[in-house]
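Notes for the structure review
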Amino acid sequence: MSSRTSSLHVILRNALSMVTVTILERVAGFAIFLAIARWLGPDSLGSYAMAFSFLAVFTPIAHLGQRFILIREVARSPEESERYLFHSSLLTTGAAIASALAMILTAWALGYSHGTLVLLIAAATTLWPESLVDVAESVVKAWERMELIGIFRSAIAASRVLVSIYLIAKGYSLPTIFVALAIHYAALWVLYLTLVLKPKARSFELDRTFMRRLSIASTTFLSMSILSALYKNGDVLILYHITTPADVGVYSAASRLVRLVNLLSPAIVLALVPGLSAAYGDRRMQDFGHLFRPSFRAFAMAGTFVALVSTELARPIVSITYSSGYEGAVAILRVLSWTFPLAFANALLFQTLVASDQERTSLRIVAVNLVVLTVFLFLLTPRMGALGAAFGVFLAYTAGFIQNLWHVHIHLSMSVMDVLPRALVCAAVSIAAWMYTPGPQAVTVPASMVIYMAGLFAIRLLKWDDVRWVGSKVVAISWRNGEPR
């Protein structure tokens, strides 16, 4: 059992690494998305978005829930790293092959056109190499060496965007984009394998008892991941069947912008997970609380701030990012922007429950979220189209937040139930000032942000002591990094 405590220096270093690489990867992915949007039009964009959403539903089967197990268990027992790597890789290899076959058969059974079927077969080729990457990367995350992940993934992302845009510019079809992605995953796996196993060759003995234990432990996480994938991609999949590919393209134009930002919160949370898992494993609840409470406050305030900026600048964001034909994305972006504070908070609450061995609780939460999303999508989308889907997604995020917060409060006695409502009150005042104050956006938007920050200080959600403390730690870390080793 590990008794380590993650230092602020390690947490900030890891958080910065994961945020940086997440931004770089999302920019790379968005560049490909934007190239398709501008050069091939909304129809192709809708097909591409649907293929990614369809792939995302089957990806958790290939992962077999190993990510959650590896980060938590290797953080507690680093000496078992290679044992976990070997057995988890075997499990995910079988699961990835089964997942690819299931994906292709499902697409065929749904009666998709020949072109769509070929696109989904190409997407299925990414499942095996990506699942192996997920296993090896989880071990490195548990080591809290996320700067190495940043280096490897950044290099692969740069190569992927260059190759993909070249293929699009040369007139290659969409399936080749997924084949190129599969090749890049394979290259990334080789890099991780070299890192984890070190230079010398290793031989491993299959431990059937250990593998059986891993399989049993993965059941809950696998179910959770499948439901979560359906939850995160249900909006696009349902829209694709109810509306047209062009409508899906317009909706995806807005939702992709939101997802680019929402994916930052899990990246930051990953820097906290090893410390939370180790603290809970040793029953050091004071250390656990010292990691969780200030992090939750920071996530709630930051998510609300980003929602404000995105709401007020939605029109110029859409017009600058996309060409004509995507005007309908403005209203959708404004609705989806208010998932930011919920998504930021949910990322931390979810991982807090997993780190404290409450994965069955998280499974129930995800199941309820999926039911809520499905009900609202089928109620609102036929009446309101893509905008109705945006409202359905927001309501599902709200349901998830309420459940996550309640269970963290009940199971861990971590009471932060007043934090997000207080931040949202400040946001409401800020939005009202922006809407009813005359003047150009260059003046009203910054003024709105100042009002929001002033409100946080006024209700003591943010304190000058917090600002001074963070400043002193950043200076200390910078000084430490500048000292000769």
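Only a predicted model underlies this, so the values are computations on that prediction, with no experimental measurement involved.

For the rest of this paragraph, the subject is the side chain of Gln351. By secondary structure assignment, the location of Gln351 is in helix α15 (residues 340–355). According to the relative accessible area criterion, Gln351 is buried, its value standing at 15%. Look past the residues within four positions of Gln351 in its chain and what remains in contact with it is Phe68, Val269 and Val273.

Let us look at the confidence of the model for the protein. Per-residue pLDDT for the protein averages 82, and the proportion of residues at 70 or more is 91%. When mean pLDDT is compared element by element in the protein, helix α14 (residues 329–336) scores highest at 92, while helix α20 (residues 464–482) scores lowest at 50. Predicted confidence for residues 1–5 stays below pLDDT 50, and this span has 19 contacts to residues more than four positions away or in other chains. Under a pLDDT of 50 for its full length, residues 473–485 has, in the predicted model, 7 contacts with residues more than four places off or in other chains.

It is worth spelling out the nonpolar core at this point. Counting 159 residues, the largest nonpolar core has Phe54, Met103, Tyr251, Phe296 and Tyr322 as its most contacted members. For this core, the element with the highest residue contribution is helix α1 (residues 8–63), accounting for 19 residues. If we skip the residues at most four places from it in the chain, Phe54 touches Met103, Thr106, Ala107, Leu110, Tyr112, Leu120 and Leu237.

Time to look at helix α8 (residues 208–242). The largest bend in α8 is about 60°, located at Asn233. The opening residue of α8 is Asp207, an N-cap whose side-chain oxygen sits 3.2 Å from the backbone nitrogen of Thr209.

Before going further, it helps to spend a moment on the packing of helix α2 (residues 66–76) against helix α5 (residues 127–142). Across the interface, α2 lies against α5 with an axial gap of 8 Å and an inter-helix angle of 30°. Classified by the interaxial angle, the pair formed by α2 and α5 is roughly parallel. Of the two possible hands of crossing, α2 and α5 adopt the one that is right-handed. On α5, the residues touching Gln66, Arg67, Leu70, Ile71, Val74 and Ala75 of α2 are Asp134, Val135, Ser138, Val139, Lys141 and Ala142. Taken together, the residues of the contact of α2 with α5 sort by class into 7 nonpolar, 2 polar and 3 charged.

Let us look at the side chain of Thr304. Within the secondary structure, Thr304 sits in helix α12 (residues 285–312). Look past the residues within four positions of Thr304 in its chain and what remains in contact with it is Trp338, Pro341, Leu420, Ala423, Leu424, Ala427 and Tyr452.

To continue, consider the packing of aromatic side chains. Within this structure, the stated rule accounts for 13 aromatic pairs. Between Phe52 and Phe178 the ring centres are 5.0 Å apart and the planes differ by 45°, which places this aromatic pair in the tilted class. Taken together, the residues span a long stretch of sequence, with Phe52 in helix α1 and Phe178 in helix α7 (residues 174–197) at a distance of 126 residues. Overall, Phe52 belongs to the partly exposed group, its relative accessible area being 23%. Relative accessible area serves as the criterion here: at 1%, Phe178 is assigned to the buried category. A ring pair is formed by Phe292 and Phe296, whose centres lie 5.9 Å apart and whose planes are at 35°; its orientation type is tilted. Separated by 4 residues within a single helix, Phe292 and Phe296 lie in helix α12, roughly one turn from each other. On the basis of relative accessible area, Phe292 is assigned to the buried category, the value being 0%. Take Phe296: its relative accessible area is 0%, and that puts it in the buried class. Above the face of the Phe210 ring, Arg83 is positioned so that its terminal group lies 4.0 Å from the ring centre.

Thresholds, definitions, all that
Residues numbered from 1 in each chain as written. Predicted model: local features only at pLDDT ≥ 70, side-chain atom pairs only at ≥ 80, totals over all residues. Heavy atoms only, no water. Helix = DSSP H or I, 4+ residues; strand = E, 2+ residues; numbered from the N terminus. Buried < 20%, exposed > 50% of the residue type's maximum accessible area, 1.4 Å probe, protein only. Contact = heavy atoms within 4.5 Å. pLDDT = per-residue confidence, 0-100. Core = buried A, V, L, I, M, F, W, Y, C linked by side-chain atoms within 4.5 Å. Bend = angle between axes of the 7 residues up to and from the residue. Polar contact = N/O pair within 3.5 Å; in protein donor to acceptor, adjacent residues only side chain to side chain. Axes fitted to C-alpha atoms, helices over the stretch in contact; angles between N-to-C directions. Parallel < 35°, antiparallel > 145°, perpendicular 65-115°, else oblique. Left-handed = near helix turned anticlockwise from the far one by under 90°. Nonpolar A, V, L, I, M, F, W, Y, C, P; charged D, E, K, R; others polar. Phe/Tyr/Trp six-rings, centres within 6.5 Å; stacked < 30°, edge-to-face > 60°. Lys NZ or Arg CZ within 6 Å of the ring centre and 35° of its normal.

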